[in-house]
There are 2 protein chains.
Amino acid sequence: MSTISDVAHRAGVSKSTVSRALNGHRYVSTEIRDRVVRVAAELGYVADSSAASLASGRTRMIGLLTSRIDGWYEAEVTTGVQEFLIEIDHDLVLFSGEDTAGSRARLFRHALPRRRLDGVILVGTCPSPSETTDLASSGAAIVTVGTRTSAAPSVGIDEAAAGRAIAEHLISLGHQRIVFVDSSTMSAGASARTARAQGFKAAMRSAGLPARLRSVRGSDWTQVGFSAFRSALDSDTLPPTAIIGACDELALAVLAASRSTVSEIPDLSVAGIDGHPHSALFDLTTVQQRPRLQGYEAARHLHNLLTDPRSPVLHVTADARLVARGSSSPPPQFPNS
Amino acid sequence: MSTISDVAHRAGVSKSTVSRALNGHRYVSTEIRDRVVRVAAELGYVADSSAASLASGRTRMIGLLTSRIDGWYEAEVTTGVQEFLIEIDHDLVLFSGEDTAGSRARLFRHALPRRRLDGVILVGTCPSPSETTDLASSGAAIVTVGTRTSAAPSVGIDEAAAGRAIAEHLISLGHQRIVFVDSSTMSAGASARTARAQGFKAAMRSAGLPARLRSVRGSDWTQVGFSAFRSALDSDTLPPTAIIGACDELALAVLAASRSTVSEIPDLSVAGIDGHPHSALFDLTTVQQRPRLQGYEAARHLHNLLTDPRSPVLHVTADARLVARGSSSPPPQFPNS
């Protein structure tokens, strides 16, 4: 079996350069790195990460924790995290799964610490104080994405502002009866959805309008869409002229339900929050965020913490902007502006 | 710092039971496992996976390799893989990123081997013979999902049959001018898409009809949808009465484009393949597959290979079925059946 000396000799560099090249330090030229990787492959030399991590105390592994990887937001954040980790040659260990007390205890006490991860990125979920302690005692740095806690740096949009912006857009079009619908079963990121609802309520209050909120359950988006649509109608008051979905996936489901139903509401406006690619496709008004950039930024910040533990605890507010499309228009009783 | 003996003593079990419980062997009762995990947490004992893996030769880590994690199919497969890995207490290391020659070389020669992964699941991509050798020499077992190679077990639907089924459905409705559209930039799994196109061609040939195929490029689904729609029309022959998307995401994009365009084609039928949740939402006819189950099955099979290396190389054909919905109907010149 080849040794690091063999690789250094054949590649014409020092042993420490071989180590730096194979471990992806940024201060090795691409040319030397490619040559070392090629020579190492030719000689069948593979640095053993178990042995290397025992020696260095660093595993070059970052954990990513999320309740679901099949949500648009979570998958985009993960893609951005991965993009940065490839640049610094770290690997991503994915911890996704249902977010119950039992599974969280298993994660924070057992699965996360045993890997001696250099850091953990939590997507759409915050660590409790004891979980933060558990992680810190295992030596892992923490960054959250899409949620904010005082204990760790975070990256995410101002969720309440997003909720306000979409409500204010509909109010400015002349809507007065607006319902905000949410679904705990299908949308990830409970704290983000709660903050969006708060923003909606604040905007309605400022405009002197009643804030109507509905929460529905369902096992798939079609079901959730119909439930949300029906629950928005099912009320003692007049039906709404506009419905806001807590996220685009929910808003799209409501849009589909409203179109396939013989509607009692002519020209119902529907709007969401997120900027899911299907929002453009189906002409849905939304507040557009860019979670891929958020993931990249979170990984970059985590790397800063690892290379300089004195880095400040930063809360990065990512950009989001209203994108008005065909799904929102003035309510029927108002003439077009 | 606590030792394994401390945990064994406090939990009232043997050291080997502590080890088995913390390493997730299936033959430890849930009650004992929970007790050991709790006691280990109380005492602050964490098995060091680096040291453990040097001793056992097993890392209890499975790599998952895919060109993108933000595609519906890939995210669903990953969810299923994760579900099984949680059951056997293994961790998932995610390798996603653009699929270029350079990045693949880096992956197979460097990133994958250095982790001493017990196994690797390739989603939507096949290993080349030399890549198979690289992986095998690092001791990792291989299973592919959504693609098939003779070198490794695989799980996936019969992609050609899916392409045939959707074509035959449209032919049976009376369609004769059908275009199959594909996009290499937005859909993952090149080999699956090629096989689907082959199935489409076979069905058209059997029916004595011309098989028209179009491939388009674009940076987002909206763009791809419009390009595909226009390219299906842009032809010396009569416009098609039906368009098949190589995957549901593409078919939905075509559907949206066709609806937002002043259409030269009354009652255009559109159909896809996959069973994306938005296909139900937007009433898209499709061939429904269940990638989450495929991921679970692939991880289970990988585990079998690890526990018994004599396990046969199996190719599991997952189920898929036609789901006819409102987006497909007889062409205008035919009376409704």
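Keep in mind that what you see is a predicted model, and the values were worked out from it rather than measured.

(A) Molecular detail of the relation of the copies chain B and chain A. Here chain B sits on chain A after a turn of 180° about the axis and a move of 0.0 Å along it, with an RMSD of 0.0 Å. The superposition of one copy onto the other is thereby described by a two-fold rotation axis. A shared binding surface is used by both copies, with 100% of the interface residues of chain B retained as interface residues in chain A.

(B) Fine view of the packing of aromatic side chains. All names here are of chain A. Enumeration over the complete set of coordinates arrives at five aromatic pairs over all chains. With centroids separated by 5.3 Å and ring planes inclined at 90°, the aromatic side chains of Phe84 and Tyr296 adopt a geometry described as edge-to-face. Of this pair, Phe84 sits in helix H5 (residues 72-87) while Tyr296 sits in helix H13 (residues 291-307); the two residues are 212 residues apart in sequence, bridging distant segments of the chain.

(C) Inspection of the interface of chain B and chain A at higher detail. Of the residues lining the interface, 52 residues belong to chain B; the matching set on chain A comes to 53 residues. Approximately 4800 Å² of surface area, both sides summed, lies buried where chain B meets chain A, with 55% of it carried by carbon and sulfur atoms. Linking chain B to chain A there are 10 salt bridges. Between Arg115 of chain B and Asp91 of chain A there is a salt bridge, with the nearest N and O atoms lying 2.6 Å from each other. Summed over the shared surface of chain B and chain A, the result is 23 residue pairs in polar contact (both at pLDDT 80 or more). Mapped by element, the contributors of at least two residues to the side of chain B that touches chain A are helix H3 (30-43), helix H4 (49-56), helix H5 (72-87), strand E2 (91-96), helix H6 (101-114), helix H10 (221-233), helix H11 (248-259) and helix H12 (277-281) of chain B. Grouping the amino acids of the side of chain B that touches chain A by side-chain chemistry returns 25 nonpolar, 14 polar and 13 charged. Both strand E2 (residues 91-96) of chain A and E2 of chain B contribute to a ladder of three bridges, which runs antiparallel. Among the inter-strand pairings, Leu92 of chain A is bridged to a residue of E2 of chain B, identified as Leu94 of chain B.

What counts and what doesn't
- Residues numbered from 1 in each chain as written.
- Chains lettered and ligands numbered in written order.
- Predicted model: local features only at pLDDT ≥ 70, side-chain atom pairs only at ≥ 80, totals over all residues.
- Heavy atoms only, no water.
- Least-squares fit on C-alpha atoms with pLDDT ≥ 70 in both.
- Contact = heavy atoms within 4.5 Å.
- Phe/Tyr/Trp six-rings, centres within 6.5 Å; stacked < 30°, edge-to-face > 60°.
- Helix = DSSP H or I, 4+ residues; strand = E, 2+ residues; numbered from the N terminus.
- Buried area = accessible area lost by both parts, 1.4 Å probe.
- Salt bridge = Lys/Arg side-chain N within 4 Å of Asp/Glu carboxyl O.
- Polar contact = N/O pair within 3.5 Å; in protein donor to acceptor, adjacent residues only side chain to side chain.
- Nonpolar A, V, L, I, M, F, W, Y, C, P; charged D, E, K, R; others polar.
- Pairing = 2+ DSSP bridges.

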